[in-house]
Amino acid sequence: MTTRRLPSVEHESSSPLADRIEALKALFPEATSEDGIDFDALADLLGKSEDRNEKYNFSWWGKQEAMRSLSQPSQASLKPAPEESVNWNDTGNLFIEGENLEVLKLLHNSYAGRVKMIYIDPPYNTGNDYVYSDNYSDPLDQYLRETGQVDENGNYQTSRPEKNGRKHSKWLTMMYPRLALARQLLRDDGVIFVSIDDNEVHHLRMLMNMVFGEENFVAEFTVIRAEGGGLAKQVVKGHDYLLAFAKNIVIFEPLKKPKDVRGKKVWRDGEEYWIEDDWLRREFGKYGTCYYEEVEEIKGIQKKIEIDRGVKSGKYVLIEKSPNKTVVGRYRLLREDGSKFHSVLKHLNSNGKNEVSFILGNEVFPFPKPVSLAKELALGVTFFSRYNSEAQPNPTQPNPTQEHLFGGDIVLDFFAGSATTAHAVLAQNREDGGNRRFIMVQLPEPMDHPEYANIAEVGKERIRRVIKRMREEETRPDEDLGFRVFKLDKSPRRQWQDLPPDTSAEAYQRQLELFIAEPLVEGWAVADVIADVAVKEAGFGLSYRIEQIALSEQTIYKVIDDKREQHFYICLDNNISFEMVRQLGLALDDLFIFRDSAVDDSTAANLALTCRVKSL
């Protein structure tokens, strides 16, 4: 067996808690000890040492267990499912089927600080069973077992109603780690909305004060969900609540709906420009356009200088790029105070039920939220236009077809249900020309229905049918009418098995040899391995793309994240020739990943002198 020491690819998701500890160390180096954080020293630095014994604290049974769960990275993987997707190669939308706590951990490395809006409608705690029964010792196995992916003879397990006065505690324990991860995924100017009823609105408010900070509270909306009367023991309930918290209230833009839009476009065709605005349309009837050489004559020399400087400095954002034409523009959004949200919203649940029935042909999902609610939230906190978004495209980007994947505020829903939020994002983009993107996460909770085995299947089919209907109408060339499906599963890479303390040295040696000789589990697929490495090692978003490089003796894949403008190379062949790989012309900062057993010591040494290398 070789004695070389090659750095290995990450086998687990990044640790959200570890990232926060490192940030704390950077802020308070005096409170750092060899064991991590010296909390007594930190309290002294914060002037809080005298308050250690008496302080206001929101607590519940299971709180410490929920907090500890954040420090446990996920060893699971997100398996691509192109066959269940729509327009896989050219979409920035995602549907992830899996237990949402594990999924959020896997998304952390790729999407931390990138999500503009989160809307969730978690299971209400009415005393009945709900599915999210976290097993923190081995959450992936628990999830696979409960969804029938591990023990085909076992029955699906749901959590049981709490006993001994712990009705609220178990629900809070379920919600805490998910909200903590959600906060880390939000942009600094992002916001989260949580639908809830009166059973837990009080406790949820305290929990979100703890996670997001009481100072970041935005609003508690009353949402009218039903009309008319009915039979009730005391009160007919016709409303729910919607809590809104900002990541940072200081920079979060107040909740306003776009009231009106006026703007200008600057077009560039080769070396010629022309501009568009309402004044030109009125005065010259040229549909708002004129050639670059006419700018000085029509608008004056200062306008020409402004356009030149704007294009050069990047003041104008990219609108469209093709081999023969580049279009850039500058937009401003006019808002008025009269268009702010009101604390009482009216979105009837009956509308949501009718929408699902209309799309899927029958009643398949109980109590779906109406599309109008998610649309109103998205309209109020995400910028309407694809031209001013979370990440602007690079004008020099070599792959124009991927440009729209960069832009657009990201909307996340990790209790997706029937995918109302995805429907709302697609509908709102259609109305205002936007390019928002959605990420849906839904547990494949079994359901008793002749057509749909689980709730995730309902959500995926709903999105497919909404897209189909939209395609039958007139569409924009750059409208994103697609979504990628990923499924939570065990990693295709072999995981180190914890052995009992009395394990012999020979047994450890056998496991180590197996790890090196065959790092991939039986039945692995190339796409699954690439996805696992892209998420855990590279931190790529799930809109990554793959280019296959076929050499005469090797098959090498170039994996690209256009948003990050980063890539890596990976080869899963059993044997790798350095002479063959050298044809790629790798640079010193290129990352090349391969199976450790595929190279001898000489090849490994030569590759390490050529580029950065890591082994599976």
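Conventions we followed
- Residues numbered from 1 in each chain as written.
- Predicted model: local features only at pLDDT ≥ 70, side-chain atom pairs only at ≥ 80, totals over all residues.
- Heavy atoms only, no water.
- Salt bridge = Lys/Arg side-chain N within 4 Å of Asp/Glu carboxyl O.
- Buried < 20%, exposed > 50% of the residue type's maximum accessible area, 1.4 Å probe, protein only.
- Pairing = 2+ DSSP bridges.
- Helix = DSSP H or I, 4+ residues; strand = E, 2+ residues; numbered from the N terminus.
- Axes fitted to C-alpha atoms, helices over the stretch in contact; angles between N-to-C directions.
- Contact = heavy atoms within 4.5 Å.
- Patch = residues over 30% accessible without salt bridge, like charges linked within 9 Å, V, L, I, M, F, W, Y side chains within 5 Å.
- Areas by Shrake-Rupley, 256 points an atom, 1.4 Å probe, with all protein chains shown as cover.
- pLDDT = per-residue confidence, 0-100.
- Parallel < 35°, antiparallel > 145°, perpendicular 65-115°, else oblique.
- Left-handed = near helix turned anticlockwise from the far one by under 90°.
- Phe/Tyr/Trp six-rings, centres within 6.5 Å; stacked < 30°, edge-to-face > 60°.

**Topic: the pattern of salt bridges**
Alright, step 1. Counting across every chain of the model gives 25 salt bridges.
Alright, step 2. Across the pair Asp189 and Arg187 runs a salt bridge, and its minimum N-O distance is 3.0 Å.
Alright, step 3. A relative accessible area of 14% places Arg187 in the buried class.
Alright, step 4. A single salt-bridge network, built from bridges that share partners, covers Glu84, Glu97, Glu457, Lys460 and Lys487.

**Considerations on the sheet that holds strand S20 (residues 566-571)**
Alright, step 1. Read from one edge of the open sheet, five strands run S18-S19-S20-S21-S22, paired in mixed fashion. Strands at the two margins of the open sheet, each flanked by one partner only, are strand S18 (545-550) and strand S22 (612-615). Ignoring which end each strand starts from, the neighbouring axes of this sheet average 25 degrees apart.
Alright, step 2. In terms of strand pairing, strand S19 (residues 555-561) meets S20 through six bridges, oriented antiparallel. Its bridge partner lying in S20, Tyr557 is registered against Ile570.
Alright, step 3. Contacts from helix H17 (residues 526-536) reach S18, S19, S20 and strand S21 (591-594), with the element oriented near 140 degrees to S20.

**So, a nonpolar patch on the surface**
Alright, step 1. Among the surface-exposed residues, Ile249, Val250 and Ile251 lie close enough to one another that they form a single nonpolar patch of about 270 Å² accessible area.
Alright, step 2. For Ile251, the position within the fold is in the loop between strand S8 (239-246) and strand S9 (260-269).
Alright, step 3. You can call Ile251 partly exposed: its relative accessible area is 44%.

**Some details on the confidence of the model for the protein chain**
Alright, step 1. The pLDDT averaged across the protein chain works out to 78; a share of 73% of its residues lies at or above 70.
Alright, step 2. Highest mean pLDDT in the protein chain belongs to strand S4 (residues 94-97) (98); lowest belongs to helix H8 (residues 278-284) (39).
Alright, step 3. Low pLDDT, under 50, characterises residues 257-272; the predicted model gives this stretch 69 contacts beyond four residues in sequence or across chains.
Alright, step 4. Predicted confidence for residues 385-404 stays below pLDDT 50, and this span has 55 contacts to residues more than four positions away or in other chains.

**Overview of the packing of helix H14 (residues 420-432) against helix H15 (residues 455-471)**
Alright, step 1. Two elements in contact, H14 and H15, have axes whose closest approach is 9 Å; the angle formed by their N-to-C orientations is 15 degrees. Judged by the angle between their axes, H14 and H15 are roughly parallel. Considering only the axes of H14 and H15, their crossing is right-handed. From H14, Thr420, Ala422, His423, Leu426, Ala427 and Arg430 reach across to H15, where they touch Arg462, Ile463, Val466, Ile467 and Met470.

**With respect to the packing of aromatic side chains**
Alright, step 1. Evaluation of the coordinates by the stated rule reveals eight aromatic pairs.
Alright, step 2. Here the aromatic rings of Phe58 and Trp60 are separated by 5.4 Å at their centres, their planes lie at 45 degrees, and the arrangement is tilted.
Alright, step 3. On the basis of an interplanar angle of 65 degrees and a centroid distance of 5.4 Å, the ring pair of Phe217 and Phe245 is categorised as edge-to-face. Residue Phe217 is located in strand S7 (residues 217-224), and its partner Phe245 is located in strand S8; the two are separated by 28 residues in the primary sequence.
Alright, step 4. Assessed through its relative accessible area of 23%, Phe217 is described here as partly exposed.

**Considerations on unusual backbone geometry**
Across the chain, the bulk of peptide bonds are trans and the bulk of non-glycine residues have phi less than zero.
Alright, step 1. Positive phi, close to 60 degrees, is recorded for Asn87, a residue that is not glycine.
Alright, step 2. Locating Asn87 in the fold gives a position in the loop between strand S3 (76-80) and S4.
Alright, step 3. Phi is positive for Glu565, which is not a glycine, with a value near 55 degrees.
Alright, step 4. Relative to the elements of secondary structure, Glu565 occurs in the loop between S19 and S20.

**Things to note about the sheet that holds strand S17 (residues 484-490)**
Alright, step 1. Taken in spatial order, the ten strands make up an open sheet running S3-S17-S4-S16-S15-S5-S6-S8-S7-S14, and their pairing is mixed. Edge positions in the sheet fall to S3 and strand S14 (344-346), since each has one partner strand and no second. Along the sheet, successive strands turn relative to each other by an average axial angle of 20 degrees, direction set aside.
Alright, step 2. As paired strands, S4 and S17 are joined by four bridges and run parallel to one another. Each residue of the ladder has a partner; that of Phe95, found in S17, is Val485.
Alright, step 3. This element, helix H4 (residues 100-111), spans S3, S4, strand S5 (115-120), strand S15 (410-413), strand S16 (437-442) and S17 of the sheet and lies at about 80 degrees to S3.
Alright, step 4. Relative to the sheet, H14 contacts S5, S15 and S16, its axis offset from that of S16 by approximately 170 degrees.

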